[in-house]
Amino acid sequence: MFDLQNDCELLPLSAGTTFADFNCGDNDLNEFFNIDAIKYQEQMLGSTYFFRHKSTGKIVCAFTLSPDSMNTTNLPGSRRKKVKENIPREKPLRSFPSYLIGRLGVDIAFSGLGAGSQLLTFIKLYCFDNYRYNCRFLLVDAYNNPSVLNFYLKNEFLTVFSTEEQEREYKKLRPEDILRTRYMYYDMMNWKIKMSS
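Here the structure is a predicted model, which means the values were calculated and not measured. (Residues numbered from 1 in each chain as written. Predicted model: local features only at pLDDT ≥ 70, side-chain atom pairs only at ≥ 80, totals over all residues. Heavy atoms only, no water.)

Undergrad: Can you walk me through the overall build of the chain in this structure?
TA: When its secondary structure is counted, the chain shows 7 helices and 7 strands. Shown N-terminal to C-terminal, the secondary structure of the chain runs as helices and strands in the order α-β-α-β-β-α-β-α-β-α-β-α-β-α. Taken over the C-alpha trace, the chain has a radius of gyration of 17 Å; the compact-globule value for 197 residues is 16 Å, and the two agree within 12%. Taken over the C-alpha atoms alone, the chain extends approximately 50 × 45 × 35 Å along its principal axes. (Helix = DSSP H or I, 4+ residues; strand = E, 2+ residues; numbered from the N terminus. Rg over C-alpha atoms; globule rule 2.2 N^0.38 Å.)

Undergrad: What am I meant to see in the side chain of His-53 here?
TA: Relative to the elements of secondary structure, His-53 occurs in strand 2 (residues 47-53). Here Thr-56 takes part through its backbone nitrogen, which lies 3.3 Å from a polar atom of the side chain of His-53. Those residues in contact with His-53 that sit more than four places away from it in its chain are Phe-2, Asp-7, Cys-8, Lys-58, Val-60 and Phe-110. (Polar contact = N/O pair within 3.5 Å; in protein donor to acceptor, adjacent residues only side chain to side chain. Contact = heavy atoms within 4.5 Å.)

Undergrad: Mind showing me how you'd approach the layout of surface pockets here?
TA: A water-sized probe, rolled over the atoms, reveals where empty space remains. The computed volume of the largest pocket comes to approximately 750 Å³. Lining the largest pocket we find 32 residues, and of these Leu-29, Leu-104, Gly-105, Val-148 and Phe-151 sit closest to its centre. Looking at the lining of the largest pocket, the elements with two or more residues in it are helix 2 (27-42), strand 4 (95-106), helix 4 (115-130), strand 5 (137-143) and helix 5 (146-154). With 7 residues, strand 4 is the single largest residue contributor to the lining of the largest pocket. A per-class count over the lining of the largest pocket returns 17 nonpolar, 9 polar and 6 charged. The volume enclosed by the second largest pocket comes to roughly 370 Å³. (1 Å grid on protein atoms, 1.4 Å probe; cavity = no way out; pocket = protein on both sides within 12 Å on 5 of 7 lines; lining within 4 Å. Points joined across faces, edges and corners; volume = space filled by probe spheres on them. Nonpolar A, V, L, I, M, F, W, Y, C, P; charged D, E, K, R; others polar.)

Undergrad: It is not clear to me how the sheet that holds strand 3 (residues 59-71) should be interpreted in this structure. Could you clarify?
TA: Strand pairing in a sheet is mediated by backbone hydrogen bonds. Such pairs are either parallel or antiparallel. A sheet is described by the order of its strands in space; here 7 strands give the open sequence 1-2-3-4-5-7-6, paired in mixed fashion. Edge positions in the sheet fall to strand 1 (8-12) and strand 6 (158-159), since each has one partner strand and no second. By the bridge criterion, 3 bridges tie strand 4 to strand 5 in an arrangement that is parallel. By the bridge assignment for strand 5, Leu-100 is matched with Leu-139. Lying over the sheet, helix 4 contacts strand 1, strand 2, strand 3, strand 4, strand 5 and strand 7 (181-187), oriented at roughly 45° with respect to strand 3. (Pairing = 2+ DSSP bridges. Axes fitted to C-alpha atoms, helices over the stretch in contact; angles between N-to-C directions.)

Undergrad: Could you clarify how one ought to interpret the pairing of strand 4 in this entry?
TA: Within a regular strand, the side chains alternate between the two sheet faces. Summarising the sheet, strand 3 and strand 4 pair through 11 bridges and their orientation is antiparallel. Bridging from a neighbouring strand, Asp-68 pairs with Ser-98 of strand 4. The parallel pair strand 4 and strand 5, bridged by helix 4, forms a crossover whose chirality is right-handed. (Right-handed = clockwise from strand over helix to strand, strands pointing away.)

Undergrad: Would you explain the pattern of salt bridges in this entry?
TA: Where charged atoms of side chains with opposite charge meet at close range, the side chains can pair. Going through the model one piece at a time under the given rule, you end up with 11 salt bridges. With its nearest N and O atoms 3.8 Å apart, the salt bridge here joins Lys-124 to Glu-156. Within this pair, whereas Lys-124 is found in helix 4, its partner Glu-156 is found in the loop between helix 5 and strand 6, the two being separated by 32 residues in sequence. Take Lys-124: its relative accessible area is 3%, and that puts it in the buried class. Residues Lys-194 and Glu-156 are paired through a salt bridge, measuring 3.4 Å at the closest nitrogen-oxygen approach. You can see Lys-194 sitting in helix 7 (residues 188-196) and its partner Glu-156 sitting in the loop between helix 5 and strand 6, a full 38 residues away along the chain. In the salt-bridge network here, residues are joined through shared partners; they are Asp-21, Lys-58 and Asp-107. (Salt bridge = Lys/Arg side-chain N within 4 Å of Asp/Glu carboxyl O. Buried < 20%, exposed > 50% of the residue type's maximum accessible area, 1.4 Å probe, protein only.)

The following block contains the structure:
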């Protein structure tokens, strides 16, 4: 059985890192990790990490984290209430400290082994250990296709907007524009509760 944390080592992206043989099945993501990730990092826009398989040296998966915030000011009332339902009323913030999973990819050679879900579990643990007091939410702009959305839903992420129509309106898209991503979140208070039980 594949075990991400025992079978692999976590490494930060550096100028010498090569992703030449990394293929997650998405050309945009492959290009980001191969070309843009180091530039993104140099511009202080986010940190990229990857898991390398100890036996084969192959990159199993990679992800980018950036500081962000969940701004609830412009959300429809029902969605604002949903996002803030577990936050005490005496803390009437308009935005909440968060981290954005800007990019996430798993090499197709490790598809179906649970690497993606293990990676999300690791990211939750990593953010809890390193940003415990300034990361209420994990955010992601997930590709708007059923398999990607189901992956995040299976891993306890929720859509910020209950319908595509709400999200299209929020993003001010024209009728002919494609809704390419869905805004999703994970409440890190759930992880805190899990870790304390």
